[in-house]
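Inside the fold
Spelled out, the chains give:
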Amino acid sequence: MGLIADLPGGSVGMDTMTFIYLIEEHPTFLPIVAPLFRRADRGGKRLVTSALTLLEVLVAPYRAGNRHLADRYEALLTRSRGIELVALTHDQLRAAAQLRSATGVRTPDALQLAAAVGAGCRAFVTNDRRLPSLPGLPVIQLSSYAGRSAE
């Protein structure tokens, strides 16, 4: 079975790398994430990520002077159907601090997980093996789908 079939119903938290794989057409992971983004665009899935993702994806294009790539990332994250960018509010920061203190995850990871939990996500998609599953939020590793069908 593929990634989409393995996802629970409801919203899904997405780590920064999933957006990079899509926009930069990563040869291994694009076939895995593209169907999920297409499903979100058709209204069949809500993908959630922290506003931190916008910061993280813009650094390399800005450093390289690639305004076109930066604009593509910003459009994907702020104007795409089915993608929700969760603001970093005091509540999100507090929740991330609690996650970090309980699990030892790095600050960016704690922010991503807190955004997913706060938005009611039922799973979190990443390729970061250091991230722990949380109660009610299993962490799904993209690498386990490499070479398999996404749907």
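These numbers were taken from a predicted model, which means no experiment stands behind them.

**A few points about the overall build of the protein**
Helix and strand counts for the protein come out as seven helices and five strands. Against the compact-globule benchmark of 15 Å for 151 residues, the protein has a radius of gyration of 15 Å, which places it among compact chains. For the C-alpha atoms alone, the extent of the protein along its principal axes is close to 40 × 35 × 25 Å. A total of 151 residues make up the protein; the buried ones form 46% of that total. Taking as baseline every contact in the protein between residues at least 6 positions apart, the subset at least 24 positions apart corresponds to 63%.

**Details of helix α6 (residues 90-103)**
The terminal C-alpha atoms of α6, which comprises 14 residues, lie 20 Å apart, in line with the 20 Å expected from a rise of 1.5 Å per residue. Every buried residue of α6 is accounted for by Gln92, Ala96 and Leu99. Buried residues of α6, seen end-on, are gathered within an arc of 60° and therefore sit on one face of the element. The exposed set on the far side of α6, more than 90 degrees from its buried face, consists of His90, Asp91, Gln98, Ser101 and Ala102. Among the structural elements, β3 (83-86) and α7 (107-118) are those in contact with the buried residues of α6. The positive-phi residue at the C-terminal boundary of α6 is Gly104, with phi of around 80°.

**Points about the packing of aromatic side chains**
Counted according to the given criterion, the structure contains two aromatic pairs. Ring geometry for Tyr21 versus Phe29: centroids 4.7 Å apart, planes at 20°, classification stacked. For Phe29, a relative accessible area of 11% puts it in the buried group.

**Focus on the nonpolar core**
If you look at the biggest cluster of nonpolar residues, it comprises 31 residues, and the most contacted ones within it are Leu3, Leu7, Met14, Phe37, Leu47 and Leu142. Broken down by secondary-structure element, the contributors of at least two residues to this core are α1 (3-6), β1 (12-14), α2 (16-23), α3 (30-41), α4 (52-64), α5 (67-79) and β4 (123-126). Among the elements that line this core, the one with the most residues is α3, at six residues. With near-sequence residues (within four places) excluded, Leu47 lies in contact with Val12, Met14, Leu36, Phe37, Ala40, Gly82, Ile83 and Glu84. In terms of nonpolar packing, the next biggest core, distinct from the first, is built from 19 residues, Val48, Val105, Ala119 and Cys121 among them.

**Points about the sheet that holds strand β5 (residues 139-141)**
Spatial ordering of the open sheet is given by β3-β2-β1-β4-β5, a layout of five strands whose pairing is parallel. Each having just a single partner strand, β3 and β5 make up the two edges of the open sheet. Geometrically, the sheet is characterised by an average inter-axis angle of 30° between neighbouring strands, direction not taken into account. Where β1 lies against strand β2 (residues 47-50), two bridges are found, and the strand directions are parallel. Note that in β2 the partner of Gly13 across the bridge is Val48. Contacts from α3 reach β1, β2 and β3, with the element oriented near 105° to β2.

Calculation rules
- Residues numbered from 1 in each chain as written.
- Predicted model: local features only at pLDDT ≥ 70, side-chain atom pairs only at ≥ 80, totals over all residues.
- Heavy atoms only, no water.
- Helix = DSSP H or I, 4+ residues; strand = E, 2+ residues; numbered from the N terminus.
- Rg over C-alpha atoms; globule rule 2.2 N^0.38 Å.
- Buried < 20%, exposed > 50% of the residue type's maximum accessible area, 1.4 Å probe, protein only.
- Contact = heavy atoms within 4.5 Å.
- Expected span 1.5 Å × (residues − 1).
- Arc of directions from axis to C-beta.
- Phe/Tyr/Trp six-rings, centres within 6.5 Å; stacked < 30°, edge-to-face > 60°.
- Core = buried A, V, L, I, M, F, W, Y, C linked by side-chain atoms within 4.5 Å.
- Pairing = 2+ DSSP bridges.
- Axes fitted to C-alpha atoms, helices over the stretch in contact; angles between N-to-C directions.

Everything listed here is a matter of coordinates, which is why it stays silent on function.
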